[in-house]
Amino acid sequence: MADERPTPGGIDRRAFVGACVAVAAPLVLSAAQQAAPAAPDTAHAAPDSAQGATGTPRYDPRTHYYGMGVDVSKCIGCGQCAAACKAENNVPLDPHHFRTWVERYVIHENAEATVDSPNGGIDGFPAPVAEGGVVRSFFVPKLCNHCANPPCVQVCPVGATFSTEDGVVLVDESYCIGCRYCIQACPYGARFLHPVSHTAQKCTFCYHRVVQGMVPACVEVCPTGARVFGEVHRPSSPLTRFRRFNAIQVLKPHLNTEPKVFYANLDGQVR
Amino acid sequence: MARPFAPWRGFAAMPQQVRRLAVVIVLLVAAYFTARHFLVPRTFGEKGHYRAAAVDSIAVLPIHYAGREACAMCHPAEVAKKAGSFHRGVSCEACHGPEAAHTTDPIGHKPTAPRDRAFCVRCHAYDPARPTGFPQIDPVLHNPVRNCFTCHNPHDPTPPRPPETCAACHGEIARTKAVSPHAQLACTECHTADPRHAQAPRQFLPSKPASREFCGRCHASDAPPPAHLPDARPPKVDLATHGPRYVCWQCHYPHYPEAR
Amino acid sequence: MQGYIYPNEFELQWSLLIVVYPYLTGLVAGAFILASLARVFNVKEVQPTYRLSLLTALAFLIAAPLPLLGHLGHPERAYEILMTPNTRSAMAMFGFVYLWYLMMVLLLEIWFDYRKDLVVWSRGKTGVLASFRRLLTLGVTDLSEDALRFDRRAGKLITIIGIPSAFLLHGYVGFIFGSIKANPWWSSVLMPVVFLFSAIVSGIALMLVIYFFSTMLRSRPVDMACMDKLGSFLLYALIVDFSLEMLDFTQRLYEAEESISILGQMLSSRLVLSLIILQVLIGTIVPLVTLFLVAPTVRKRGFLKVPDEFRRLLYFVVAVFIQIGIFSTRWNVVIGGQLFSKSLRGLTTFKVGLLGIEGILVAGAIMLLPLVILYILVKVVPPWPDAEAVVESELTGADPVPAVQPS
């Protein structure tokens with residue numbers, strides 16, 4: 001019974017910890033990052049600094065090559081990923097601009113598929129209209145595939161979108177002329193023109209998080225672990241394990257874009 | 001005879017047209033390369049056909065989701081509890097929102113905790129597209145009105161086992177009844193409850209006595225002693241004369257010791 | 001909206017201005033190819049349109065990048081296409097194809113062709129126009145027989161270089177669309193060729209209209225031999241263009257790839273007016289039949305004997321129909337390619353606005369602008385045969401091209 005008594009002075013543990021944090025606030029984040037497995041802490045370098053984030057000796061992009069795994073059979077269509085992406089990356093909140101979104105497929109008995117993605121899945125999905133005659137149904141999260149052979153990079157007239165050394169396709173917001181050729185060239189509908197900056201935007205794999213050893217926001221909040229982020233080539237990476245234990249498909253393989261978003265348990269109806 | 005077109009004889013020997021045009025073209029090409037010199041960004045082409053500095057400016061964008069490791073630093077109890085539960089894979093920020101600001105200013109930025117049924121239902125409402133085996137409920141039928149956390153702790157959401165006795169939920173009544181004259185009676189003596197009441201209490205409400213005659217089965221002056229309690233001597237009244245315009249429990253609350 | 005489209009596809013990325021752009025560029029290529037018919041292949045009948053075609057090509061070429069510039073999210077950064085062109089990008093390389101064509105072909109050819117006239121027109125005169133013309137000569141005032149012969153030979157050489165360049169210019173516009181493998185409506189090997197021949201059709205039709213109009217405006221008699229020749233060229237080009245389009249259509253239908261169902265839906269719902277009625281019926285079939293009947297092709301007179309006044313009116317109407325048809329062709333490529341989702345599961349809709357940078361008014365202004373530019377060009381360097389300067393030495397020269405057309 002003595003264990004349950006409040007500590008002398010009336011401070012419970014959480015309040016105590018909170019007070020400690022207030023004192024040592026700046027230490028917390030960096031300590032958390034050191035706890036992360038591959039945590040090359042680059043702090044917050046100034047944007048124009050010659051010692052930029054990728055230029056610091058602690059993060060060497062040449063030693064990384066990122067990809068993502070998506071297990072379709074684990075996705076519950078909660079839309080947390082799409083919502084978190086918007087919060088993390090300042091994506092317009094309207095239902096027509098997404099860096100990642102969730103589609104629901106309903107395959108009917110006549111083999112036809114009904115697909116919907118109301119507000120990218122962020123607000124959930126309405127009950128499917130025709131329950132009868134449904135063969136199977138599932139959710140598919142979509143995002144930029146960070147192709148190894150990206151058609152968007154190929155067509156950009158000025159070099160404002162590019163593949164980084166660590167395998168991420170990025171857009172240079174201050175250099176993009178807004179011609180939208182890349183949006184036309186993307187087979188996956190993963191790009192959009194930002195209505196305010198008038199430049200092309202897309203998933204960055206949360207590059208600002210990744211260089212700090214964190215996972216992308218969508219992966220962080222996915223409640224069922226349907227998304228796996230990691231190194232494509234490193235044997236110890238969770239992505240390698242994911243690719244070893246699942247039959248893997250990519251979207252629209254006939255276009256030879258060589259996506260680095262790998263889908264497990266993907267249905268043939270998904271386009 | 002006309003001078004043949006022969007540029008290889010030297011610039012001066014060329015026709016005037018060619019010389020003038022050559023000057024114009026050289027000027028234009030020179031202007032192009034001069035413009036290039038000034039207009040191409042400094043770091044362009046360092047790593048590929050792009051501005052290398054762009055990567056650095058993207059790498060330092062602000063972080064909004066601190067990551068679950070950050071939460072574990074200060075909230076070990078919650079994290080430990082969650083780690084042993086079905087929600088072990090669910091990131092703290094999946095429910096509490098992006099809270100990188102809270103890690104640097106824990107007092108000033110307090111995370112929110114969703115209390116609304118609508119939030120839990122985002123994952124747990126039934127949808128045929130959800131994987132088989134994933135816990136799903138019909139939000140209309142499953143204890144409507146109640147907040148989910150009244151039964152399920154979000155940090156350890158294992159559903160509570162259906163109560164085996166009435167006292168599990170109705171403890172207050174059970175405690176008062178135990179010292180009342182009705183202590184010997186089972187709840188089912190007066191209430192009939194659908195077995196599903198244990199899972200969905202509001203959906204399947206138990207019955208309540210509705211008439212004076214129900215009490216009169218034991219307490220009427222001509223009532224026989226209860227069959228299963230032959231030794232009981234319940235107080236008897238004449239239903240016709242004892243407060244005829246009232247139902248019994250307006251004066252006698254049957255669960256209370258002072259019921260008589 | 002019908003079926004499923006990716007959320008980001010809600011907004012059409014390329015709208016009216018990008019329809020105008022290949023339309024204008026096609027007119028440039030077509031007008032130039034007509035000019036080269038006169039120059040290189042020595043088709044005497046179309047000689048009256050030679051200089052006019054060159055100026056038209058220049059006027060439209062100057063206006064052609066404007067719609068591109070207007071639709072950019074950041075027009076002020078457009079210079080980057082020239083500063084750091086991505087050599088793998090069709091669009092970046094188009095900047096250089098455009099510049100090559102403008103600077104090395106069109107301006108040079110016009111300069112060599114007009115140098116003599118510029119010298120004569122500005123000689124001993126003062127005033128803004130004369131000074132400007134003097135400036136345009138770049139100070140090359142040599143009017144000796146040698147110099148004039150050099151002008152002619154250089155002009156011819158440039159025209160010969162210019163024909164593949166004009167093919168390149170518009171073929172390349174087709175390539176910008178045809179090389180997008182993500183879009184089954186665009187992705188086709190035939191796209192550059194189809195663009196090229198539709199460009200030739202539209203260019204000849206435009207020159208027919210402009211020649212007819214300008215002659216009427218100057219109250220000069222219309223050269224029916226020229227009109228007939230333009231009409232028959234128009235027919236030939238139309239036949240090739242239509243055959244290529246049908247070949248493309250047949251190929252798609254026969255291959256019936258996974259996109260065929262959604263493209264079929266689009267064709268039978270969204271593109272009925274612009275493709276079946278405007279492009280094929282009004283823009284191709286009606287002109288084909290009309291020209292076949294009235295234009296002198298296999299026979300000297302055409303199958304129907306039609307009086308000159310009525311025939312030239314028919315030519316004019318056919319040319320206007322063809323302009324409508326070719327504009328619809330560009331619309332069907334650019335807009336049609338965005339009306340279906342790349343998920344191949346749904347169709348979206350497109351409504352043109354009246355106002356705004358992508359609206360009808362701006363697009364209309366940009367399409368009228370070349371005519372304004374042409375008007376100015378005609379004032380500075382008149383293309384009429386009767387305005388051409390006569391140089392003493394040339395009268396005695398042995399040039400096969402008559403300097404003065406009987407008017």
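Structure: above.
Residues numbered from 1 in each chain as written. Chains lettered and ligands numbered in written order. Predicted model: local features only at pLDDT ≥ 70, side-chain atom pairs only at ≥ 80, totals over all residues. Heavy atoms only, no water.

Draft legend 1. Region of interest: the overall build of chain B. Across its full length, chain B carries nine helices and zero strands. When the elements of chain B are put in sequence order from the N terminus, they spell out α-α-α-α-α-α-α-α-α. Radius of gyration (C-alpha) of chain B: 42 Å, far over the 18 Å computed for a compact globule of 260 residues. With respect to the three principal axes, the spread of C-alpha positions in chain B is 150 × 45 × 35 Å. Relative to its full complement of 260 residues, chain B shows a buried share of 25%. In the form shown here, chain B has an accessible surface area of approximately 17000 Å², with 62% of it arising from carbon and sulfur atoms. In chain B, which carries 30 positive and 20 negative side-chain charges, the distance between the mean positions of the two groups comes to 15 Å. (Helix = DSSP H or I, 4+ residues; strand = E, 2+ residues; numbered from the N terminus. Rg over C-alpha atoms; globule rule 2.2 N^0.38 Å. Buried < 20%, exposed > 50% of the residue type's maximum accessible area, 1.4 Å probe, protein only. Areas by Shrake-Rupley, 256 points an atom, 1.4 Å probe, with all protein chains shown as cover. Lys, Arg positive; Asp, Glu negative; His and termini not counted. Charge placed at Lys NZ, Arg CZ, Asp CG, Glu CD.)

Draft legend 2. How the structure looks around helix H7 (residues 117–124) of chain B. Every buried residue of H7 of chain B is accounted for by Arg117, Val121 and Cys123 of chain B. Burial along H7 of chain B is one-sided: seen end-on, the buried residues are contained in an arc of 160°. (Arc of directions from axis to C-beta.)

Draft legend 3. Representation of the packing of helix H1 (residues 16–39) of chain C against helix H7 (residues 145–178) of chain C. Residue and element names in this part refer to chain C. For the pair H1 and H7, interaxial distance at closest approach is 9 Å and the crossing angle is 150°. When the axis of H1 is compared with that of H7, the two are roughly antiparallel. As for how H1 packs across H7, the hand of that crossing is left-handed. Residue composition of the contact of H1 with H7, grouped by class: 14 nonpolar, seven polar and four charged. (Axes fitted to C-alpha atoms, helices over the stretch in contact; angles between N-to-C directions. Parallel < 35°, antiparallel > 145°, perpendicular 65-115°, else oblique. Left-handed = near helix turned anticlockwise from the far one by under 90°. Nonpolar A, V, L, I, M, F, W, Y, C, P; charged D, E, K, R; others polar.)

Draft legend 4. Just the nonpolar core, in detail. Among the nonpolar cores identified, the biggest contains 144 residues, and Tyr181 of chain A together with Tyr101, Leu106, Phe177, Trp185 and Leu234 of chain C are the most heavily contacted of them. Excluding residues that lie within four positions of it along the chain, Tyr181 of chain A makes contacts with Val155 of chain A together with Trp14, Ser89, Ala90, Met91, Ile176, Ser179 and Ile180 of chain C. Counting 51 residues, the second largest nonpolar core, distinct from the first, contains Cys75, Val102, Leu143 and Val270 of chain A. (Core = buried A, V, L, I, M, F, W, Y, C linked by side-chain atoms within 4.5 Å. Contact = heavy atoms within 4.5 Å.)

Draft legend 5. Layout of the sheet that holds strand S2 (residues 100–108) of chain A. Residues and elements named next belong to chain A. An order of S3-S2-S4 is seen for the three strands of this open sheet, with the pairing classed as antiparallel. For this open sheet the edge positions go to strand S3 (113–116) and strand S4 (134–143), each flanked by a neighbour on one side alone. When the angles between neighbouring strand axes are averaged without regard to direction, this sheet yields 20°. Across four bridges, S2 lies against S3 in antiparallel orientation. Along S3, the bridge assignment pairs Val106 with Thr114. (Pairing = 2+ DSSP bridges.)

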